[in-house]
Amino acid sequence: MGSTDSKLNFRKAVIQLTTKTQPVEATDDAFWDQFWADTTTTVQDVFALVPAAEIRAVREESPSNLATLCYKAVEKLVQGAESGCPTEREKQVILNCTRILTRILPYIFEDQDWRGFFWSTVPGAGRAGTDELDDDDGARPLAESLLLAIADLLFCPDFTVHSHKRGPDSVENMQSIDSCEYIWEAGVGFAQSPPLNYIHDLNRTELLRLLLTCFSEAMYLPPSTDTGVLNPWVTFFCSTENRHALPLFTSLLNVVCAYDPVGYGIPYNHLLFSDYREQLVEQAVQILIVTLEHDGGVPHRPPSPSSMEEQESTGPENLFVNYLSRIHREEDFDFILKGLARLLTNPLTQTYLPNSTKKIQFHQELLVLFWKLCDFNKKFLFFVLKSSDVLDILVPILYYLNDARADQSRVGLMHIGVFILLLLSGERNFGVRLNKPYSVHVPMDIPVFTGTHADLLIVVFHKIITTGHQRLQPLFDCLLTIIVNVSPYLKSLSMVAANKLLHLLEAFSTSWFLFSAAQNHHLVFFLLEAFNNIIQYQFDGNCNLVYAIIRKRNVFHQLANLPSDPASIQKALQRKRKSPDVISRTSSQETVSMEGSHPAVPAEPGTLKASLVAMPGIDKLTEKSQVSEDGTMVSVPKTDSLQADQSAAAGTSDTESNSGRDNEDVFYTEAEMERRRLSSASSTSFWAPTPDWVVSWKCKLPLQTIMRLLQVLVPQVEKICIDKGLTDESEILKFLQHGTLVGLLPVPHPILIRKYQANAGTAMWFRTYMWGVVYLRNVDPPIWYDTDVRLFEIQRM
């Protein structure tokens, strides 16, 4: 009974606030206390009892009342952080204030005139109880008081952490607490695992939700490549002003990496117990990815001792980025990698014992966290590639890519998965690790094959290109770049993978595809480069690929003799109008899919999706490096790159793949790209292929190695077939296996690796993607739903 009463009181207070046109005095405690006095509301209640329209009405009609509500709520949090909330009632007040601020903040951010409100100092709202410390009346801005109070409350004994005090009357003094002794979970830099306490987990989750809401001001600013714009909330929270920065960073990282959703080893356990840890882990990983934004678009380098002094003057150092980049102990790397691999693999284990483990939903956040670890901590990246443990990350990524390929709402997931593989493929060790036999057999909707992890990667990439959503076309460059980067190290491709690669070449080298967009011929260059790398550096084990090349030799001959006269170009383009499909999906001899797999399905109608900014092109995303004799990398100057001369010859090009290319600072949301595509389609596009343009790149096609191979091997294979009356593949393969081309092929070209490089465009893409994920994942309560976000568009499918 009490609960409905108190909800009515709370609702009454909200109505009074919206209807009072006169400002309510800040000193009128009887009025303000109604908002946090209730003992039974939940965050869901607060969202239901404080409708959006009423918050906006107060904001417009009686702004001083909204201002007072905010600063009174913050004041309560500051008082609680100082007293340590010794009573149950105080704890309840803190939670209620936390929920109210979580509800209101997005409506403060969506209004430009209000955005500065939290960064102003409110008269009389000094840090309660510490007036004697206020120098020159400089009360802190409200935002700083709020962030410091949240940080304190996250290490409040008997509220969010276990108390270390013994004895009934001892109270821990919040000001002198060493929060490093109260880290939430064992792992990096901390050995004790405190006992699980679901009340603490719930309270931490509520505070982290408010923290995430504070950081979400970023959602209300339009996308911009100006790298100087930092999120003031994140900057302050991750600065030396926050004395809990290190223990909190450690707590968040350890809670995520130690989490085991299997229900602590008992199948079906999660059906019996609600798992409070999962909500906490989800908020923790979201806080981590949002705070790990490095200053500006420049790659972060941890300062060397000598540069420590000038480091101070370069503006705020993000301590979370700093700590992440300085982790270096092998056992810490091992703990992080095993934890992330366990969580990324979790949704795949579902299929063996359906529902036996809890299926987590936050794999996108985990992928962003993995990306940031590799990007900011090169030692971690080398650790990942040092053993075949990297394959425990690779397999789930390939699973997600394959599963999401037909779903428009998961285009962002496709991108992050491909970026991680692009980053890894820039390191020689990744290619070497791919030679490990693939025996796990996660149920995927792909042809059955026997082979290595390299075969798995190629088969999945082929499936994405031939049966994926059309929105994925801008990723084709990236997918093929990854294959080129690993190709010099692939010891033996299976027949299935070899056929898939040749099928891609066949599809991409049809004349209508080559002539229908200015960038399409790049795909052929990438594939030829991959074939050349394998022939030059791994000929011995790759008889399957050599055999596939011999069987499809006419594809190479047709490429070498590609006609470039105007009549042929016109004829090819007319053929295109008859068959608009990018890649003939039928000609791919699809075999039986794996047992237990489900075909990839498009999103349900009504699914929400967040738009993304366009990606920079592959030439902006990567930097070429040459592998020298001793295996070291030397970067290649930009000018003599294949891309440059092709782009120059191509002039401007189609908006789909080129929207972000010519000028890195131009970004389009997907909706805008769609509009541009439609308008360019109607005006028959700006670009048309010319004979000169075809000749300019055709003469650079790297066909010499393959032509020489065909010249030597085709007559030999034909002779065997005639002499022995052979029709049996295995005999020919046996012959090719023992063949050699030593001295017959052109001098091996140096290996070129295209290494991922950070730039303003990718930094912008990540910010937009990450906040889009956070927006869509926080539905209970729906923190940002129906507010006026500007970083991306929310569309219903």
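Residues numbered from 1 in each chain as written. Predicted model: local features only at pLDDT ≥ 70, side-chain atom pairs only at ≥ 80, totals over all residues. Heavy atoms only, no water.

### Structural notes on the overall build of the protein chain
Check the secondary structure of the protein chain and you find 35 helices and 5 strands. Sorting the 797 residues of the protein chain into buried and exposed places 58% on the buried side. Once local pairs closer than 6 in sequence are excluded, the contacts in the protein chain between residues at least 24 apart make up 80%. For the protein chain, the computed accessible surface area is about 32900 Å², with 55% contributed by carbon and sulfur atoms. (Helix = DSSP H or I, 4+ residues; strand = E, 2+ residues; numbered from the N terminus. Buried < 20%, exposed > 50% of the residue type's maximum accessible area, 1.4 Å probe, protein only. Contact = heavy atoms within 4.5 Å. Areas by Shrake-Rupley, 256 points an atom, 1.4 Å probe, with all protein chains shown as cover.)

### What about the sheet that holds strand β3 (residues 633-635)?
Pairing in this open sheet of 3 strands is antiparallel, and the strands run β3-β2-β4 from one edge to the other. On the outer flanks of this sheet lie β3 and β4 (751-756), each paired with one strand and no other. Here the strands of the sheet are splayed against their neighbours by 40° on average, with no regard to which way each runs. As judged from the 6 bridges shared by strand β2 (residues 622-627) and β4, these two strands associate in the antiparallel manner. Following the sheet pairing, T622 is matched in β4 by Y756. (Pairing = 2+ DSSP bridges. Axes fitted to C-alpha atoms, helices over the stretch in contact; angles between N-to-C directions.)

### Details of the layout of surface pockets
The calculated volume of the second largest pocket comes to roughly 1000 Å³. Lining the second largest pocket are 46 residues, and of these H363, D403, D407, R410 and L413 sit closest to its centre. Going through the elements one at a time, α15 (363-376), α17 (391-404), α18 (411-425), β1 (608-610) and α35 (760-777) are the ones with two or more residues in the lining of the second largest pocket. Among the elements that line the lining of the second largest pocket, the one with the most residues is α35, at 6 residues. Looking at the lining of the second largest pocket, its residues break down into 19 nonpolar, 16 polar and 11 charged. (1 Å grid on protein atoms, 1.4 Å probe; cavity = no way out; pocket = protein on both sides within 12 Å on 5 of 7 lines; lining within 4 Å. Points joined across faces, edges and corners; volume = space filled by probe spheres on them. Nonpolar A, V, L, I, M, F, W, Y, C, P; charged D, E, K, R; others polar.)

### Side note on the packing of aromatic side chains
Counting across every chain of the model gives 36 aromatic pairs. Considering the side-chain rings of Y399 and Y400, the 5.9 Å spacing of their centres and the 75° angle between planes classify their relative orientation as edge-to-face. Overall, the relative accessible area of 16% leaves Y399 in the buried class. An aromatic cluster of at least three residues, connected via ring pairs, comprises F109, W114, F117, F118, W119, Y220 and W233. (Phe/Tyr/Trp six-rings, centres within 6.5 Å; stacked < 30°, edge-to-face > 60°.)

### Section: helix α26 (residues 553-560)
Those residues of α26 that sit buried are V555, F556 and L559. Down the axis of α26, the buried side of the element spans an arc of 95°, and every buried residue falls inside it. (Arc of directions from axis to C-beta.)

### Re empty space enclosed by the protein
Rolling a probe over the atoms, with the probe sized like a water molecule, indicates the empty space that remains. Tallied over the full model, the rule gives 5 cavities of 30 Å³ or more. What the second largest cavity holds in volume is close to 170 Å³. Taken together, 15 residues make up the lining of the second largest cavity; nearest its centre are H294, W371, D375, A763 and F766.

### Some thoughts on the nonpolar core
F35, F118, L421 and W771 are the most contacted members of the largest nonpolar core, which has 253 residues in total. In this structure F35 touches F10, A13, V14, L17, L69, N96 and I100, once residues within four positions along its chain are discounted. (Core = buried A, V, L, I, M, F, W, Y, C linked by side-chain atoms within 4.5 Å.)

### Some remarks on the environment of D565
With respect to the secondary-structure elements, D565 resides in the loop between α26 and α27 (566-578). Residues D565 and V695 lie 130 residues apart in sequence; the distance between their C-alpha atoms is 9.6 Å.

### Brief notes about the pattern of salt bridges
Enumeration according to the criterion identifies 34 salt bridges in this entry. With a closest N to O distance of 3.4 Å, R243 and D152 form a salt bridge. Here R243 is found in the loop between α9 (232-237) and α10 (245-258), whereas its partner D152 is found in helix α7 (residues 142-153), with 91 residues between them in sequence. Overall, the relative accessible area of 12% leaves D152 in the buried class. Where E331 meets R329, a salt bridge forms, and the shortest distance between an N and an O atom there is 3.4 Å. A relative accessible area of 38% means that R329 is categorised as partly exposed. (Salt bridge = Lys/Arg side-chain N within 4 Å of Asp/Glu carboxyl O.)

### Thoughts on the pairing of β2
Regular strands place side chains that alternate from one sheet face to the opposite one. Note that β2 and β3 share 3 bridges and pair antiparallel. Residue pairing for β3: V627 is matched across the bridge by M633. Hairpin remark: β2 followed by β3, antiparallel, with 5 residues in the connecting loop; positive phi at G631, about 90°.

### Structural notes on α10
Compared with the 20 Å implied by 1.5 Å per residue over 14 residues, the 20 Å span of α10 between its first and last C-alpha is a close match. In terms of burial, α10 is largely enclosed, as 12 of its 14 residues are buried. Of the residues making up α10, those classed as buried are A245, P247, L248, F249, T250, S251, L252, L253, N254, V255, V256 and C257. Looking at the buried positions of α10, the neighbouring elements they touch are α8 (198-215), α9, α11 (276-291), α13 (319-326), α14 (330-349) and α15. (Expected span 1.5 Å × (residues − 1).)

### Remarks on the packing of helix α6 (residues 88-109) against α8
One way to put it is that α6 packs onto α8 with a least axis distance of 9 Å and a crossing angle of 20°. The orientation of α6 relative to α8 falls into the category roughly parallel. When the axes of α6 and α8 are compared, the crossing they make is left-handed. Contacts between α6 and α8 involve L95, T98, R99, L101, T102, L105, P106 and F109 from the former and N203, E206, L207, R209, L210, T213 and C214 from the latter. (Parallel < 35°, antiparallel > 145°, perpendicular 65-115°, else oblique. Left-handed = near helix turned anticlockwise from the far one by under 90°.)

### With respect to the side chain of E144
Take E144: it is sitting in helix α7. Given the relative accessible area of 16%, E144 is considered buried.

### Section: unusual backbone geometry
A cis amide bond, omega 0°, links D780 with the succeeding residue P781. Assignment of secondary structure puts P781 in the loop between α35 and β5 (794-796). A positive phi is found at C85, a non-glycine position, where the angle reads about 45°. According to the relative accessible area criterion, C85 is buried, its value standing at 1%. One non-glycine residue, D786, lies in positive phi territory at about 65°. Mapped onto the fold, D786 is located in the loop between α35 and β5.

### Here we look at the confidence of the model for the protein chain
In low-pLDDT segments, the atomic positions of the prediction should not be examined closely. With 82% of its residues at a pLDDT of 70 or more, the protein chain has an overall mean of 85. Throughout residues 124-137 the model reports pLDDT below 50, and contacts reaching past four residues in sequence, or to other chains, amount to 12 contacts. The low-confidence segment residues 584-589 (pLDDT under 50) makes 9 contacts with residues lying over four places distant or belonging to another chain. (pLDDT = per-residue confidence, 0-100.)

### Looking at the side chain of N242
Here N242 is to be found in the loop between α9 and α10. By relative accessible area, N242 is classed as buried at 3%. For N242, the residues in contact, after removing those within four places along its chain, are L148, A151 and F237.

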